Each structure stands twice: as C-alpha cells, then as structure tokens.
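Coordinate analysis (summary)
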Amino acid sequence: MSAPLLINTIQESVAYASEAAQHEGVLQLDTMPEIQVERPGNSEHGDFATNLPLRLSRATRINPLELAQAIAKHISPNDVIDHVEAAPPGFINFYLKQSWLQKQVDVIRQSGSKFGDVDTGQGRKVMVEFVSVNPTGPVHVGHTRGAVLGSALANVLEAAGFEVTREYYVNDAGNQMQMFYKSVLARYQQELGQEAEIPENGYMGEYITELAKDILNVEGDRFLKMAEEQALLEIGDIGREKIVSTIKDDLSSIGVEFDNWFSERSLFSSGEYEETIDFLREKDYLSERDGALWFNSVMLGDDKDNVIVKTSGESTYFASDIVYHRNKLIKRKFESVVDIWGADHQGHVPRMKSAVEALGIDRDRLTVLICQMVTLRRGQDVMRVSKRGGNLITLREVADEVGIDACRYSFLAKAPSTQMEFDLEMVKKESNENPVFYVQYAHARNASIIELARERGIDWSNGDISLLTHPSELDLIRALLRLPELVDEMATILEPHHLPHYATELANNFHNFYENCRVVSSNESDTAITAARLKLVEAALIVFRRTLTLMGMTVPNRM
RNA sequence: GCCCCGGUAGCUCAGUGGAUAGAGCAUCUGUCUUCUAAACAGAGGGUCGUGGGUUCGAAUCCCACCUGGGGCACCA
C-alpha cells in the first residue's frame, strides 16, 4: 500500500470546496462534471491547477473567474498547500508549501527503491502478451518496438500495483511451421549434396542455411536415412527449439524477459480447443458453409465472418487465438489482458474482440495495442525489412550497433501509434551526445557526489532539509515527486512512452541543480548545507535509478 | 472502394479541450582554479497538412479534402 497521490487529494479538496459553494448558494448544479487537476505547464501557475470554474461557467452562467474565487475561498491552507489562487480566465491554482516539499526528501529516502510504487492495480492480475514472433526466424527490428514497449509497460504496471505476467505466445502449430520445417530439411539435404528445393512460400533466409549446417554438425546425416515424414518431424523439432532459444537470447540481450512461453500446440493437447469450439457451437456463433466452419462475427458487428476450420480440415490461426484468449481470460483468470501487435495485424482486432464477447467475456477486458511500422534507415538509405525473402535486419544487429540503452530509449520515446523512423546513424549519435546519456550522465554525476562525500567521511544523516530553499533545489524536489503520479497515469492509459520524456526533464532539473548548488564543499561554514544537499542527492539517486529501471535501461555510476 | 494509424520547428518526436505550442539534434552566442563541460545559461527557428464547423476557448472534438504507412485470404 502506498499513500494516496497528492493530485487525488487536491481533486477531493476541489470537490469539497465546490460542494461548500453550492451550500452557500453561489452555484447550483444537478451534476458535477469530472474534476480535472493538472500540472500547469508554467510554474508561475503553481504546482497544480484545475479548470473546473471554466467548465462550470456555461451551466451556471456565472463568470468563471468569480466562480473560481467562490470555490477557492473554501480551500484553506494546510500542511501541504501553502495557498490557492483564482486566476484568469477561471483557473484555481495550488501552490505547495515549501516545508512540505522539503520533507518529501526524507520520504523518498525512506521509501528507497519502492518510491514510485502506487496502488492503482490493487493486486489485480494482468497479462501483457507481446512479441510472440513466429518461431520461424529471428526477431527483427520491427518486432523490437513491440518488445521494448511491452517490457516497459509490464514494468510500469508492476510498479502500479498490478500482478503482472509477461507472456510470449509461441505459434508452434499450423501451416507456417510446416513451411519452416520443410525449408530446414531442404537446406539440410542440400548441405549433403542432395537435390532439394525450398517449397513455394518457404523460408529463404540465410539463417535457415546456417541452422541446417548446425544441425548437420551436431546430428550428422541421420535424417537423410529416415522416411521424409519422420525426418521432417525430428529435424523440425530441433530447428524450432534452436530458433526459440535464439529469440529468447536476443530479447534477453536487450533486457526483455518473459515469465511464460506459451505453446499454441498445448491448446490442442489439453482439449481446450475442442471445449472452445463446442462452446461456440452451442451458442450458435458457428456455421458451416462451403465446406468450412465459420465464426459468425457479423452477428457481433464485424464487417465479415471468419473461417475457423478450413475445407482441408485444418484449423486457422484465428481459431487458436480464440482458444488462447479463453485460456488467458477464463482458465487462467486474468482480469485483463493487453496484447501488443504490429500494424499488419490491425485488421484482426475487431474479430478478436468479438470472439472474446462470444465467449461470454466483457470485451473490454482485452486491450490490443497496435505498434505502427518502423522504417529502418542509415542516413539517407532506407533499408527494406523483408519478411521471407532474405535480408532481415535483426534485433541483434541493431542492438550490437547502437547499444541496448540507446535502442530501448529510442523505441520507447515514441508513441506506438506513430510510424517511426529508426535512423541508425542518428540513434548512434544520440547515444553519444543526447538524450540517452543525458539522463544516465545525470545519474552518474549524482553517484559521484555521494562517492566523494563518503571518501571525505561526511555524515549527512542528520542533514537539515529545511535548508533546501534554492529554486533549483525546490524544482528538483518537484520533479522527483512527479514519478508516482506518472506511474499511475501510464498504468491507467497504458502509455509507457511518457517515461523517457519524464527522465529527460528530471535530468534537466538535476543538471540545473548541479550547476547552481555546490554540494560537497570544502568550506567549513558550508557543513550544514552540504549535509542537506546530500540528502537531496540521495533522493535524486533513488528516483533516477527507478526511472531508468522502469525503462529497462542500465544505471551507470560512472561515465 | 472500405477500415485502422500518421502529417506539429530544417531533422527525429512530445503535447489530444484551457493560461505565451515544447524537447533533443542541427545553427548561433556566452560559461571549466572548486562534486564529471557527455553539462549549464541564452538566441534564432512554427499558416500545428488544407478548408469548413462545434465551443467562452481547438494542435486536441466533428465533417470534407490532400498526403504517407498498414490492413481488407479457407496466410500468420
């Protein structure tokens, strides 16, 4: 449990004050609109502000500024709030007490690594399913965006008090896998000098040949001697396992880890597939037509129906996905599920939501976040990321070239809905100059101050925080205090991309403080302020570490 | 043709109903005898794709159009 957010407390005080104004007869309302409290962009407008009077002015036909005054007078200063002001055209601005801000330095120090935790989720179970690239090849740059987004979102949800499971759905069944198996076998046979061809729509990538060579080295030519069907089965298993472990390693190398790797095939062996189809059939959501089995999603408002079982008797990917979502939402009782998909799956969203509804589940328990495409560039050259053809630019290649922190930061800083340009040159440059290192450098500077203080044997445990009165000090404290609020907000709207922007602002505030406020001073008369500032530095260190960790970035003490 | 997502500073992007539209890069000007100059302070740079509309108030909401990407399979 963590303390209620200040922003919510202020919201409540506005609610009380407007009620008081109603009792007074100043304003009369049937319904009170939602009270919005925000952080004003301009610091002259205080620490928090509400636009409630502006929003009420039409219904009440009262001048918004007068309304602001009428409400504001019912908000009295306390330990936290220094004063409130009605400001034109009709805002109520809140100014925090300096003594309260100062006290938060000790609060942060006491919270330690828990600072930033909030109770938005109240222990609710949520799954974030992401990446889930078919185990037919390595993870490429396009997938990296979803990987970074998903892992950061999971971190944020965890900090916000959700019980989070990070899952990778392994599509180890179906047609694409057969193609993959055949491709591997063909390359293997070719390595042994046999006439063999990659099937039409098979996998042409160079990595298949490498894979075949590896298998040959370890397993010898034994697959040549067995019946084709058996060879396909055995070599396929080995190939798939190798690909999955490559995917696992590559993702792990950029700090993306999963709690669970869920096999599509397990949905069939467990009997859940049959159960689900039977259920949908009973509910009349299925119909047979043209020799195939259809899901009647038009009934639920979609553009068209979708095939569940093909004429050939094979089930479709969509069928497995329905079963999988039933598994997540019913069998495993996740209260909500977030799926992160690429833009090429965008058309799949409405039918998936309909399927969830058909299963008798509130469709809002499933949220699908769509990541737009990534264009990879090197300066002027646009690099094509082709899927089956060949030249994949893999996650590993990009991570090796630009570094994992720059890679994560660059992907994370953009909202998933934007089609982004990933310019290798630019990202490398950014990692050397800004803003990735800008943030890490702030942390490193922080750390070196503490180190110096320790070397000099300074004891700051009794530092007097009321000495922290410089504007740079107070602004830094304000910035530190925004983290819990941000975690709450990001967890609610599922947008971790605010994290890098916050980190940059935080670093800006820190560098400013560093410039203006000497911490470790050799001057005897400065012992008191040094101790106080060391407490602030310690608090800042905590917040930087937490912020970088939420982003999945490294936290260097020295640069 | 229909559906989804974009178009904000020279470039890459934040900002989705409020107070003078922001950051980084790039350009220009200052600042290192003192905890890391990978930094700080400052300057220039904007018809927020276009045109209508709603509103006290629009980059943000609605409509139309222009433009870029993605999707409209018994593929995944």
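In case you missed it, the structure is sitting above this.
What you see is a predicted model, and the numbers here were worked out from it, not measured in a lab. (Residues numbered from 1 in each chain as written. Chains lettered and ligands numbered in written order. Predicted model: local features only at pLDDT ≥ 70, side-chain atom pairs only at ≥ 80, totals over all residues. Heavy atoms only, no water.)

**Details of the pattern of salt bridges**
Here the structure, examined in full by the defined rule, presents 31 salt bridges. A salt bridge links Glu241 to Arg240; the nearest nitrogen and oxygen atoms lie 3.2 Å apart. By relative accessible area, which is 5% here, Arg240 ends up buried. Notably, a salt bridge pairs Glu401 with Arg378, separated by 2.6 Å at the nearest N-O pair. Here Arg378 lies in strand 13 (residues 374-378) and Glu401 lies in helix 14 (residues 395-402), a separation of 23 residues in the sequence. Judged by relative accessible area, Arg378 falls into the partly exposed class, the value being 30%. Connected through shared salt-bridge partners, Asp106, Arg109, Lys535 and Glu538 make up one network. (Salt bridge = Lys/Arg side-chain N within 4 Å of Asp/Glu carboxyl O. Buried < 20%, exposed > 50% of the residue type's maximum accessible area, 1.4 Å probe, protein only. Helix = DSSP H or I, 4+ residues; strand = E, 2+ residues; numbered from the N terminus.)

**Re the packing of helix 11 (residues 272-282) against helix 12 (residues 317-331)**
Packing of helix 11 against helix 12 brings their axes to within 9 Å, and their N-to-C directions diverge by 95 degrees. Classified by the interaxial angle, the pair formed by helix 11 and helix 12 is roughly perpendicular. Counting all contacts with helix 11, which are made through Glu272, Tyr273, Glu275, Thr276 and Leu280, the residues of helix 12 involved are Ala319, Ile322, Val323, Arg326, Asn327 and Lys331. Of the residues belonging to the contact of helix 11 with helix 12, the class tally is 5 nonpolar, 2 polar and 4 charged. (Axes fitted to C-alpha atoms, helices over the stretch in contact; angles between N-to-C directions. Parallel < 35°, antiparallel > 145°, perpendicular 65-115°, else oblique. Contact = heavy atoms within 4.5 Å. Nonpolar A, V, L, I, M, F, W, Y, C, P; charged D, E, K, R; others polar.)

**Re unusual backbone geometry**
Across the junction of Pro88 and Pro89, the peptide omega takes the value 5 degrees, indicating a cis bond. By secondary structure assignment, the location of Pro89 is in the loop between strand 3 (81-87) and strand 4 (91-96). We note that Gln122 has phi near 50 degrees; this positive angle belongs to a residue other than glycine. Mapped onto the elements, Gln122 comes out in the loop between helix 4 (98-111) and strand 5 (125-129). Positive phi outside glycine occurs at Asn201, with the angle close to 65 degrees. Mapped onto the elements of the fold, Asn201 is located in the loop between helix 6 (175-191) and helix 7 (206-219).

**Remarks on helix 4**
With 14 residues, helix 4 should cover 20 Å at 1.5 Å per step; its first-to-last C-alpha distance of 20 Å lies within 8% of that length. All buried positions along helix 4 are accounted for by Trp100, Leu101, Gln102, Gln104, Val105, Asp106 and Ile108. Each element contacted by the buried residues of helix 4 is listed here: helix 1 (6-23), strand 4, helix 18 (471-493) and helix 20 (527-550). Remark: Gly112 follows helix 4 within two positions and exhibits a positive phi of approximately 60 degrees. (Expected span 1.5 Å × (residues − 1).)

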